[in-house]
Structure formats: C-alpha cells, structure tokens
Number of protein chains: 2
Amino acid sequence: MQELVLGIDVGGTNTKFGLVNKEGDVLAEGSCKTKGFPIFKDYLAHLVANVEEVCTSLPDHKIVGVGVGAPNGNYYRGTIEEAPNLEWEGTVYFTEELKGYFKNMPVILTNDANAAAIGEMTFGKAQGMKDFIVFTLGTGLGSGIVANGEVIYGSDGFAGEIGHTLVNVFGRTCGCGRKGCLETYVSATGIKRTVYKLLADYLCDSELRGVSFNDLSGHMITEAALKGDFIAEQAFEYTGRVLGMKLADTVAHFSPEAIFLFGGLVNAGDLLLKPAKYHMEDNMLRNFKGKVKLLVSGLQNKNAAVLGASSLAWKELGKNL
Amino acid sequence: MQELVLGIDVGGTNTKFGLVNKEGDVLAEGSCKTKGFPIFKDYLAHLVANVEEVCTSLPDHKIVGVGVGAPNGNYYRGTIEEAPNLEWEGTVYFTEELKGYFKNMPVILTNDANAAAIGEMTFGKAQGMKDFIVFTLGTGLGSGIVANGEVIYGSDGFAGEIGHTLVNVFGRTCGCGRKGCLETYVSATGIKRTVYKLLADYLCDSELRGVSFNDLSGHMITEAALKGDFIAEQAFEYTGRVLGMKLADTVAHFSPEAIFLFGGLVNAGDLLLKPAKYHMEDNMLRNFKGKVKLLVSGLQNKNAAVLGASSLAWKELGKNL
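**Observations regarding the pattern of salt bridges**
All names here are of chain B.
Consideration 1: If you walk through the whole model with that rule in mind, you get 15 salt bridges over all chains.
Consideration 2: With a closest N to O distance of 3.3 Å, Lys 293 and Glu 257 form a salt bridge. Taken together, the residues Lys 293 in strand E13 (residues 293–296) and Glu 257 in the loop between helix H6 (230–254) and strand E12 (258–262) connect sequence positions 36 residues apart.

**Some thoughts on empty space enclosed by the protein**
Consideration 1: The final tally for this structure, using the stated rule, is one cavity of 30 Å³ or more.
Consideration 2: Of the voids in this model, the largest cavity is the one considered here, and its volume is about 30 Å³.
Consideration 3: In terms of lining, the largest cavity is formed by Ser155(A), Asp156(A), Ser255(B), Pro256(B), Phe288(B), Lys291(B) and Val292(B).
Consideration 4: Each residue belonging to the lining of the largest cavity can be placed in one class, and the counts come to three nonpolar, two polar and two charged.

**Some thoughts on the relation of the copies chain A and chain B**
Consideration 1: Its rotation angle being 180 degrees, the transformation that places chain A on chain B also includes 0.0 Å of axial translation and leaves an RMSD of 0.0 Å. Expressed as an axis order, the relation between the two copies is that of a two-fold axis.
Consideration 2: Interface residue correspondence from chain A to chain B reaches 100%, placing this contact among same-surface, isologous pairings.

**Focus: the interface of chain A and chain B**
Where interface size is given, it is often the accessible area lost as the parts come together that is meant.
Consideration 1: With 42 residues of chain A at the interface, the matching set in chain B holds 42 residues.
Consideration 2: Carbon and sulfur atoms supply 52% of the area that chain A and chain B bury against each other, a total of about 3,400 Å² over both sides.
Consideration 3: When residues of chain A are sorted by the area they lose upon contact with chain B, Asn148(A), His253(A) and Leu285(A) head the list and together hold 19% of the total.
Consideration 4: Inspection of the region where chain A meets chain B yields five salt bridges.

**Quick notes on helix H5 (residues 218–226) of chain B**
The periodicity of an α-helix, 3.6 residues per turn, causes residues three or four places apart in sequence to face the same way.
Residue and element names in this part refer to chain B.
Consideration 1: Among the residues of H5, those classed as buried are Gly 218, Ile 221, Thr 222, Ala 224 and Ala 225. Looking down the long axis of H5, one finds its buried residues gathered within 165 degrees of arc, a one-sided arrangement. Residues His 219 and Leu 226 are exposed on H5 and point more than 90 degrees away from its buried face.
Consideration 2: Of the surrounding secondary structure, the elements contacted by the buried residues of H5 are helix H4 (188–201), H6 and helix H7 (270–283).
Consideration 3: The first or second residue beyond H5 is Gly 228, which carries a positive phi of 95 degrees.

**Re the sheet that holds strand E3 (residues 26–33) of chain A**
All names here are of chain A.
Consideration 1: Reading across from one edge, E3-E2-E1-E4-E8 is the order of the five strands in this open sheet, with mixed pairing throughout. The two strands at the open ends of the sheet, each matched to only one other strand, are E3 and strand E8 (107–111). Between one strand axis and the next, the sheet turns through 20 degrees on average, direction left out of account.
Consideration 2: Bridge count between strand E1 (residues 2–10) and strand E2 (residues 14–20): six bridges; the pairing is antiparallel. Looking at E2, one finds that Asp 9 is bridged to Lys 16.
Consideration 3: The sheet strands contacting helix H3 (residues 112–123) are E1, strand E4 (61–70) and E8, and the helix crosses E8 at an angle near 105 degrees.

**Remarks on the packing of aromatic side chains**
Residue and element names in this part refer to chain A.
Consideration 1: Taken as a whole and judged by the stated rule, the model has 27 aromatic pairs over all chains.
Consideration 2: The interplanar angle of 65 degrees and the centroid separation of 6.4 Å between the aromatic rings of Tyr 43 and Phe 94 together place this pair among those described as edge-to-face. With Tyr 43 in helix H1 (residues 40–56) and Phe 94 in helix H2 (residues 94–98), this pair connects stretches of sequence that are 51 residues apart.
Consideration 3: Under the relative-accessibility criterion, Phe 94 is labelled buried at 0%.
Consideration 4: Members of the aromatic cluster, each reached through a chain of ring pairs, are Phe 37, Phe 40, Tyr 43, Trp 88 and Phe 94.
Consideration 5: Sitting above the plane of the Phe 213 ring, Lys 192 keeps its charged end 4.7 Å from the centroid.

**Looking at the packing of helix H6 (residues 230–254) of chain A against helix H7 (residues 270–283) of chain A**
Residue and element names in this part refer to chain A.
Consideration 1: Close contact between H6 and H7 brings their axes to 7 Å; oriented N to C, the two are set at 35 degrees. Where H6 crosses over H7, the handedness of that crossing is right-handed. On H7, the residues touching Glu 233, Phe 236, Glu 237, Thr 239, Gly 240, Arg 241, Leu 243, Gly 244, Met 245, Leu 247, Ala 248 and Val 251 of H6 are Leu 271, Leu 272, Pro 275, Ala 276, His 279, Met 280 and Asn 283.
Consideration 2: Of the residues in the contact of H6 with H7, the class split is eleven nonpolar, five polar and three charged.

**Structural notes on the sheet that holds E12(B)**
Strands in a sheet are paired, the pairing made by backbone hydrogen bonds, and the direction either parallel or antiparallel.
Residue and element names in this part refer to chain B.
Consideration 1: On the basis of which strands lie adjacent, the open sheet formed by five strands has the order E11-E10-E9-E12-E13 and mixed pairing. One side of each edge strand has no neighbouring strand; the edge strands of this open sheet are strand E11 (150–151) and E13.
Consideration 2: In this structure, strand E10 (residues 141–147) lies alongside E11, joined through two bridges in antiparallel fashion. What sits directly across from Val 146, in E11, is Val 151.
Consideration 3: The strands touched by helix H3 (residues 112–123) are strand E9 (132–137), E10, E11 and E12; relative to E10, the strand with the most contacts, the crossing angle is about 50 degrees.
Consideration 4: Contacts from H6 reach E9, E10, E12 and E13, with the element oriented near 150 degrees to E9.

Rules and cut-offs
- Residues numbered from 1 in each chain as written.
- Chains lettered and ligands numbered in written order.
- Predicted model: local features only at pLDDT ≥ 70, side-chain atom pairs only at ≥ 80, totals over all residues.
- Heavy atoms only, no water.
- Salt bridge = Lys/Arg side-chain N within 4 Å of Asp/Glu carboxyl O.
- Helix = DSSP H or I, 4+ residues; strand = E, 2+ residues; numbered from the N terminus.
- 1 Å grid on protein atoms, 1.4 Å probe; cavity = no way out; pocket = protein on both sides within 12 Å on 5 of 7 lines; lining within 4 Å.
- Points joined across faces, edges and corners; volume = space filled by probe spheres on them.
- Nonpolar A, V, L, I, M, F, W, Y, C, P; charged D, E, K, R; others polar.
- Least-squares fit on C-alpha atoms with pLDDT ≥ 70 in both.
- Contact = heavy atoms within 4.5 Å.
- Buried area = accessible area lost by both parts, 1.4 Å probe.
- Buried < 20%, exposed > 50% of the residue type's maximum accessible area, 1.4 Å probe, protein only.
- Arc of directions from axis to C-beta.
- Pairing = 2+ DSSP bridges.
- Axes fitted to C-alpha atoms, helices over the stretch in contact; angles between N-to-C directions.
- Phe/Tyr/Trp six-rings, centres within 6.5 Å; stacked < 30°, edge-to-face > 60°.
- Lys NZ or Arg CZ within 6 Å of the ring centre and 35° of its normal.
- Left-handed = near helix turned anticlockwise from the far one by under 90°.

Now the structure itself:
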C-alpha cells in the first residue's frame with residue numbers, strides 16, 4: 001500500500017489539490033470551487049467530497065498527512081485570518097475543522113507563498129540553499145522567505161508580507177486599505193493597472209485598447225508582450241523596474257543566495273526578468289552587487305503550493321518517525 | 001583562576017574592549033584609537049598592548065576566547081570588508097591576524113549590529129525572544145536581525161543592512177555612494193542633516209543656529225530637544241517619522257515580536273519613540289497592528305557590541321564543551 005500526502009492550495013477562486021508521494025510525484029490531482037461557499041464548513045465538505053472522488057481513481061493507497069497552503073494562512077495556529085480575497089471573514093480554524101475528516105495524522109497549514117518556498121527547497125531549484133526568497137506573482141504578490149535553512153514565520157506567523165511594503169506613499173490604492181503597496185504594481189492585477197495607466201499616457205496602437213479592464217488578464221498582457229505589443233512590453237518594463245528596486249531593499253535585509261519568481265507573468269521571461277535584474281543591481285548596496293541570482297522558479301507552471309504544502313506534511317511525518 | 005572572554009567593539013574613531021565573564025559582567029574595560037593606523041597590523045599591535053595593560057589590573061584570570069564586533073564585519077570569513085568608515089581598504093583578515101596573539105581559543109567576528117542583537121538576546125530585553133530586531137543609531141544605522149532564534153547572516157554574511165534600504169530615490173547622498181538610504185535620515189549624522197534642513201526651512205530662534213555643521217553632534221541635538229528647542233524637537237519628529245515608516249516595511253518582512261533601538265539618540269526617549277511608534281502603526285499592514293513592541297534597548301548606555309561579541313565567543317565555547 002502506497003503512502004501519500006494530500007497537498008491543498010486554497011486560492012481565492014479555486015482550490016487545487018494533489019496526492020503526492022515522498023519523491024514529489026503528483027499521482028492524482030483535482031480542483032474545486034473556493035468561491036460560492038460563504039459558510040466555511042460547507043466549503044470543506046465540498047472539498048473533501050472532491051478529494052474522495054479523485055482518490056477512487058487511485059490504486060491501493062493510504063493518506064498519511066495533509067498539507068495546506070492558503071492566503072493569510074497561519075502556520076502556528078492552523079488558521080486563515082482576515083484574508084481579503086476569501087469570503088470567510090475573521091478567523092477560520094482550518095486545520096482544526098479538517099482534522100475532523102483526516103484523523104490521527106498531521107494536518108498542517110501555511111501561507112501559500114511559504115508553501116511555494118518549501119516546494120522550491122524540496123523539489124525545485126533551491127535544493128541545498130539555506131538563504132533564498134520566492135515571490136509568487138498572482139492576484140497579489142506573496143513572498144516566502146528562507147534564512148538559515150528555515151522558513152521565517154516571525155513572532156505571530158505572518159512574516160513574508162513583502163507584497164505590502166511601500167513603493168510610493170501617494171501610490172495606488174491597495175486591497176489591504178493602504179496606498180502604494182508593492183503588490184499594486186507587481187502582480188497580475190498590478191500589471192493590469194499599469195497597462196491602463198500606459199493606455200492613458202500613450203496614443204500608440206495596442207491590441208489591449210479593445211479589452212475592458214474587467215476582461216483583461218495577466219495572460220493576455222503576457223501574450224501581447226511576447227508578440228511585440230508596445231504597451232504590453234512597456235508594462236513589463238515598468239513592472240520589472242518597480243520589482244527590481246524593491247528587490248534591492250529585500251536583499252539588504254536578507255542577503256539571499258537567490259530570489260525566485262513564480263506565476264503566470266513570469267512566462268514573459270526576459271521581458272520581466274531583464275528590467276528586474278537591471279534595476280535590482282542598479283539599486284543594490286555595493287557589497288551585494290553581482291552576487292544574488294534572480295531566477296524563474298523551478299516549479300514554474302507546476303503547482304508549487306500543492307507540492308510545498310505536501311512536503312511540509314512529509315517533513316512533519318519525518319520528525320515523528 | 002577565572003575564565004574570561006575578551007569582547008572588542010571596533011568603531012570608526014575608537015575601539016572599546018572589555019573582559020567579560022559568563023554572566024555578562026564586565027570585570028575590566030578599556031579603549032584605544034582605531035583612527036591613525038593606516039596599516040592594520042600596527043592597529044592590532046596597539047590594541048593588544050592596550051588589552052594587556054588593562055589585564056595587569058585584573059586578579060588571577062585566563063582569556064579563553066575573543067569576540068569582535070566591527071562595521072562590515074563578516075561572520076563567515078572573520079573579515080572586515082569595504083568598510084566606508086575605516087581606514088583599511090578592501091578586505092582585512094581580522095580574526096586570522098588576531099589569532100596570532102590569542103592562540104588555541106575561539107576568535108570570532110561579526111558585524112557590530114549583529115553583536116548588539118546577540119547582546120540583547122543574551123543579557124538585554126530580548127532574552128527568550130525568537131524574533132526581534134535591534135537598530136543601532138550611531139554614525140550610521142546598523143541592524144541586527146534574529147529570526148527563529150538565530151541571527152540572520154544571509155548567504156554571504158552581510159544580511160541586516162536595513163540602513164541602506166531606500167527612503168527616497170531623490171534623497172540625500174549616502175556614504176555608500178547611493179541616494180536616499182535610511183541611514184542618511186535616521187542616525188546621528190542623519191538627524192544633524194535634518195537639523196540643518198530645518199534651520200534653512202524655518203526662521204525661529206534655536207540654540208543650534210550658533211553651531212557649525214562640523215561641531216554639531218547628536219548629543220547636542222538631544223540636549224537641545226530635551227530643553228524644548230523647537231528645531232531640535234522637530235528634527236526628532238522628522239527622524240521618528242521616517243524611521244516609523246520604514247519599520248512598517250521591516251515588520252512586513254519579519255513579523256518580529258519586538259524592535260529595539262540603541263544609541264545616543266535614543267536618550268531623547270519619547271521625542272524619538274513617540275513619532276516612530278505612531279508612524280510605524282499608521283503604515284503597518286492590519287495583521288501586524290498593535291502587536292510589535294518598539295523598545296529602548298536593554299543595553300542602552302552600556303556597550304552592547306562588547307557584550308554581544310563576548311557572548312558570541314561564550315556561545316562558541318559552550319558548543320565545544
């Protein structure tokens with residue numbers, strides 16, 4: 001009988017999950033809606049039903065642990081707290097409720113970006129690294145920080161909110177209620193806002209002039225930029241510049257060996273990485289220049305959070321042996 | 001025979017040292033010039049002669065280890081590298097040379113702010129804390145970061161350069177060659193620059209109008225502010241505001257339990273702490289509000305770096321038992 005861990009990635013719209021063996025192979029996977037279940041218990045029943053259905057397709061196996069990556073997830077408490085992109089208000093006792101379905105095994109939750117960092121360390125390009133950071137560029141900007149070989153959770157479990165550091169005190173309104181946070185510039189939503197700013201600033205043709213704000217996606221901007229659309233290219237240049245400048249500050253805090261970028265926008269490749277690298281180096285303190293690698297995640301286009309969450313559970317199981 | 005550790009704090013102008021027992025009592029101390037020895041070996045001979053002289057005053061004892069705190073000190077390599085405030089250019093092999101004088105014992109070096117953080121953890125207010133940060137406000141701004149109970153050195157030993165994160169891209173010229181670094185605002189030198197800016201902006205009387213830039217010290221500004229001098233008070237308000245805004249970013253990275261401030265400027269008390277706290281809270285992400293303590297160092301007006309460097313050596317000796 002094969003032992004597997006259930007890795008869960010809770011997103012604002014959908015939840016993805018996978019059954020993962022110790023080597024990081026996803027033997028089965030599925031997804032279900034996150035949105036549309038204002039009562040958390042209903043969502044959880046729906047999720048578990050979906051997992052059970054996927055499990056029927058698998059040969060003889062046993063689930064021995066569960067790892068969850070979730071926005072505003074708190075590793076210490078197993079809770080999701082005040083997540084602006086989820087329907088559940090206040091504090092959700094995620095692992096406590098989930099243990100009702102998965103008894104006598106570790107059920108562990110962490111922030112989705114921390115899960116991605118653990119995934120990078122276990123199955124990606126950060127294997128063997130002790131000091132690195134993963135930036136996940138999605139609806140928002142998440143960051144998972146590893147120093148001295150350990151994820152930094154901080155005193156109350158919410159470390160790694162680099163998406164909410166300040167770029168411009170008079171800047172764009174952020175979902176967190178403040179202004180000018182990094183994620184209002186560097187994220188799928190951020191680059192969309194940049195495209196609209198550039199469409200206002202310039203008069204040149206762009207295939208994006210025919211798309212409404214609501215319809216515009218990060219994927220469409222990436223596709224347009226790869227085809228040479230000026231506005232889309234400039235949007236990546238601007239995004240990379242803001243990211244690079246803030247990365248110089250992050251490097252001053254941590255002196256990491258590498259910084260990994262993860263998410264759909266990263267498929268634009270050098271359109272994003274080149275300006276980000278240039279402005280990171282240009283703004284960095286002399287001691288750090290030329291030393292910090294800026295790389296595409298080794299789990300790009302895989303589900304880093306599912307893999308990371310599952311490896312977190314595997315790690316916990318390893319401790320208990 | 002009592003076993004003691006020699007703790008050394010290398011400053012730009014003077015070097016302080018102390019002979020410290022395991023409980024953190026400084027049984028003897030002294031200082032000597034750092035400036036005026038362009039050749040590093042000459043400085044070291046001068047330092048060791050001073051230490052030996054102080055040792056003659058001590059009853060039966062044995063030095064069993066040496067800890068050094070130095071600007072741009074590298075813990076991994078035992079070197080001082082490219083320190084802008086010291087006369088020695090390039091890389092100085094500090095511990096290697098010092099081991100010529102102190103044989104068969106641990107000789108360990110770290111950044112002066114990291115030493116202060118270790119001191120805070122061992123003998124100050126951070127005892128029992130796993131996640132905290134110490135800011136040392138001197139000629140520059142140093143920061144020592146502890147996460148998961150360990151000092152963060154980063155991949156090449158230079159983590160914790162929060163003094164060189166960006167406040168204003170069009171801001172003040174920094175000793176590091178860039179513009180707008182935090183330490184150009186928040187440090188003894190920074191507040192001096194702020195006083196001169198305010199003397200230019202306002203027309204009101206101030207006892208500081210009679211002092212030249214070269215003669216003005218952080219101590220004089222503190223004294224003037226405590227007596228109610230408007231310009232000096234406003235300089236602390238401005239310094240606290242800039243510090244508070246950047247602390248909000250630092251909290252987003254680390255989610256620390258506490259942040260400690262150390263250095264002469266901190267003797268201004270609430271004149272600095274009140275605006276710093278207000279603007280830290282005002283700029284902080286909701287998750288962190290009201291949770292992070294901003295405190296005066298428990299080693300304020302003691303030599304935190306000497307104590308920290310010595311405890312680093314004691315820790316190393318503990319490992320070898």
